[in-house]
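Chain and residue survey
Next come the chains, spelled out residue by residue.
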Amino acid sequence: MPRHYYLFGRPVSASLSPVMHNAAFRALGLDADYAAVEITPEDFLGAAAAFIARDDFGGANVTIPHKQAAVAFCARLSPEATAAGAVNTLVVDSSLPSPCVRGENTDVTAIRAILGDHPSAAGRTAVLLGAGGAAAACVVAMATMPAGGAFAKLVILNRTAAPAESLAVKARRMGLPAEAALLDRAPIGRLTGVGAVINATPLRTADDWAPAGFLDALGHGRPVVIDMAYGRGPTVLLKTAAAAGCPVVDGREVLVAQGAASFALWTGRAAPLAVMRKAVYNERSQPCFAT
Ligand code: NAP
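Residues numbered from 1 in each chain as written. Predicted model: local features only at pLDDT ≥ 70, side-chain atom pairs only at ≥ 80, totals over all residues. Heavy atoms only, no water.

1. Some details on the overall build of the chain
Counting its regular elements, the chain contains eleven helices and 13 strands. Relative to the 2.2 N^0.38 estimate, which gives 19 Å for 291 residues, the radius of gyration of the chain is 19 Å and therefore close to what a compact globule would have. C-alpha atoms of the chain, sized along the principal axes, occupy 55 × 40 × 35 Å. Expressed as a percentage of the 291 residues in the chain, the buried residues total 51%. Put simply, of all contacts in the chain between residues at least 6 apart along the chain, 73% involve residues at least 24 apart. Carbon and sulfur atoms make up 55% of the accessible area of the chain, which amounts to about 12,300 Å² in all. The average position of the 25 basic charges and that of the 22 acidic charges among the side chains of the chain differ by 5 Å. (Helix = DSSP H or I, 4+ residues; strand = E, 2+ residues; numbered from the N terminus. Rg over C-alpha atoms; globule rule 2.2 N^0.38 Å. Buried < 20%, exposed > 50% of the residue type's maximum accessible area, 1.4 Å probe, protein only. Contact = heavy atoms within 4.5 Å. Areas by Shrake-Rupley, 256 points an atom, 1.4 Å probe, with all protein chains shown as cover. Lys, Arg positive; Asp, Glu negative; His and termini not counted. Charge placed at Lys NZ, Arg CZ, Asp CG, Glu CD.)

2. Here we look at the site of the ligand
By nearness alone, 22 residues border the ligand, and Ala131, Ala134, Asn158, Arg159 and Thr160 come closest of all. At 2.9 Å from an oxygen atom of the ligand is found a main-chain nitrogen or oxygen belonging to Gly133. The contact in question runs from an oxygen atom of the ligand to an N or O atom on the backbone of Ala134, over 2.7 Å. Out of a free accessible area of 920 Å², the ligand has 72% covered by protein chains. Of all the secondary structure elements, the ones that give two or more residues to the shell around the ligand are helix H6 (133-143) and helix H10 (251-267). No other element matches H10, which puts four residues into the shell around the ligand. Here the residues of the shell around the ligand sort into twelve nonpolar, eight polar and two charged. (Near = heavy atom within 4 Å. Polar contact = N/O pair within 3.5 Å; in protein donor to acceptor, adjacent residues only side chain to side chain. Nonpolar A, V, L, I, M, F, W, Y, C, P; charged D, E, K, R; others polar.)

3. Considerations on the nonpolar core
Looking at soluble globular proteins, one finds that nonpolar side chains tend to be buried together. Ranked by internal contacts, the top residues of the largest apolar core, which has 36 residues, are Leu115, Leu128, Met142, Phe151, Leu154, Ile156 and Ile198. Of all the secondary-structure elements, those providing two or more residues to this core are helix H5 (106-116), strand E7 (125-129), H6, strand E8 (153-158), helix H7 (161-173), strand E10 (194-199) and strand E11 (224-227). Considering every element that reaches this core, the biggest residue donor is H6, with eight residues. Val12, Leu16, Phe263 and Val280 belong to the second largest nonpolar core, which has 22 residues in total. (Core = buried A, V, L, I, M, F, W, Y, C linked by side-chain atoms within 4.5 Å.)

4. Focus: the side chain of His4
When you line up the elements, His4 lands in strand E1 (residues 3-9). A distance of 2.7 Å separates the side chain of His4 from the side chain of Asp33, its partner in a polar contact. With residues up to four places along the chain from it excluded, the contact list for His4 reads Asp33, Asp56, Phe57, Gly58 and Gly59.

5. Notes on the pairing of strand E2 (residues 32-38)
Burial analysis of E2 places five of its seven residues in the buried class, the great majority of the element. Where E1 and E2 come together, seven bridges link them in parallel fashion. Across the sheet, the residue bridging to Phe8 is Val37, located in E2. Chirality of the crossover, the property in question, places the unit of E1, helix H1 (residues 17-27) and E2 among those that are right-handed. (Pairing = 2+ DSSP bridges. Right-handed = clockwise from strand over helix to strand, strands pointing away.)

6. Comments concerning the sheet that holds E7
The strand order across the open sheet formed by six strands is E9-E8-E7-E10-E11-E12, and the pairing between neighbours is parallel. Only two strands of the sheet have a single neighbouring strand rather than two, namely strand E9 (178-182) and strand E12 (248-249). In this sheet, E8 lies alongside E7 in parallel orientation, the contact comprising five bridges. Directly across from Leu128, in E8, lies its bridge partner Ile156.

7. Quick word on the packing of H5 against H6
It is at 8 Å that the axes of H5 and H6 come closest, and there the two elements cross at 50 degrees. By the angle between their directions, the pair H5 and H6 is classed as oblique. Here H5 and H6 pass one another in a crossing that is right-handed. Across the interface between the two elements, Asp107, Val108, Ile111, Arg112 and Leu115 of H5 pack against Ala137, Cys138, Val140, Ala141 and Met142 of H6. For the contact of H5 with H6, the class distribution of residues is eight nonpolar, no polar and two charged. (Axes fitted to C-alpha atoms, helices over the stretch in contact; angles between N-to-C directions. Parallel < 35°, antiparallel > 145°, perpendicular 65-115°, else oblique. Left-handed = near helix turned anticlockwise from the far one by under 90°.)

8. Comments concerning the pairing of E10
Where burial is concerned, most of E10 is hidden: six out of the six residues are buried. Note that E7 and E10 share five bridges and pair parallel. In the strand pairing of E10, Ala126 is matched with Ala196.

9. Remarks on the packing of H1 against helix H11 (residues 273-282)
Relative orientation of the contacting elements H1 and H11 amounts to 145 degrees, with a least axis distance of 8 Å. The element H1 and its partner H11 pack so that their crossing is right-handed. Within the contact between the two elements, H1 uses Val19, Met20, His21, Ala23, Ala24 and Ala27 and H11 uses Val275, Met276, Ala279 and Val280. Each residue belonging to the contact of H1 with H11 can be placed in one class, and the counts come to nine nonpolar, one polar and no charged.

Pasting the structure below:
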């Protein structure tokens, strides 16, 4: 029987997850497919339960705006999902009580792995732009880096103060010294000892960044610059950082890393990374269907 996998979210029409996972299933010869499903917040719990109850349900990703709602829905949570207070992957586990799904957060595992690939960032300050769901996953990743990979401090810069303050509290509770400031009042050139910069806002273009003046002196200290936001090509943040000599990580790499972790949890197989990366870099969007 073919297994069906889904992305539950709204909007999902621009997601690259279907093309990425379908390419991976094909490459490994698995009888499975993946589709994006647009679900409103009001319908999420009922619609997700109906999909999960199907015999051919293989697993799912969960994205905006359902990641927090999915927490209450799962029979068990991974430590990453518990710490983030958000689930991006539903894994079928028949040993669990109904609805027999475990909630995972592979955004956390992906960011932690990517930061681990840049050991020069350890022991320095991390700068996080944004204080929403992706930023919360970054905080959990940064606060749970393995020995030797820990950051000295986290600075959270956000458009509005309250979400940044509460995320800083969360970081401190997890043992990571953290402070919050407003994004447009803190150009990165003023910060010293920065080892990593992660953008977890949707800002991508030159117009997005122009008012903030944030990109001035970005290259100071050559931090690794990771952009969660992505488009067809590199974002302005990544272009600016690369021109300043910083190592950069495209949001599509984060997408592939979290997708590969979800794929492995669902199938028990190592994800075909090169196939998934090629699919993501060659495609723009896939059709979705609505409940
Ligand atoms: P979210 O929960 O809605 O949070 C959005 C954040 O961006 C908030 O901190 C918000 O600030 C800030 N923001 C929004 N518009 C802004 C603007 N015009 N100027 C300055 N700040 C702005 O969204 P999310 O789930 O965290 O996602 C954030 C980005 O990460 C999205 O682009 C998403 O596609 C991307 N993402 C990528 C991956 C990947 O695999 N590459 C995974 C997850 C997310 P306020 O608090 O002031 O509203």
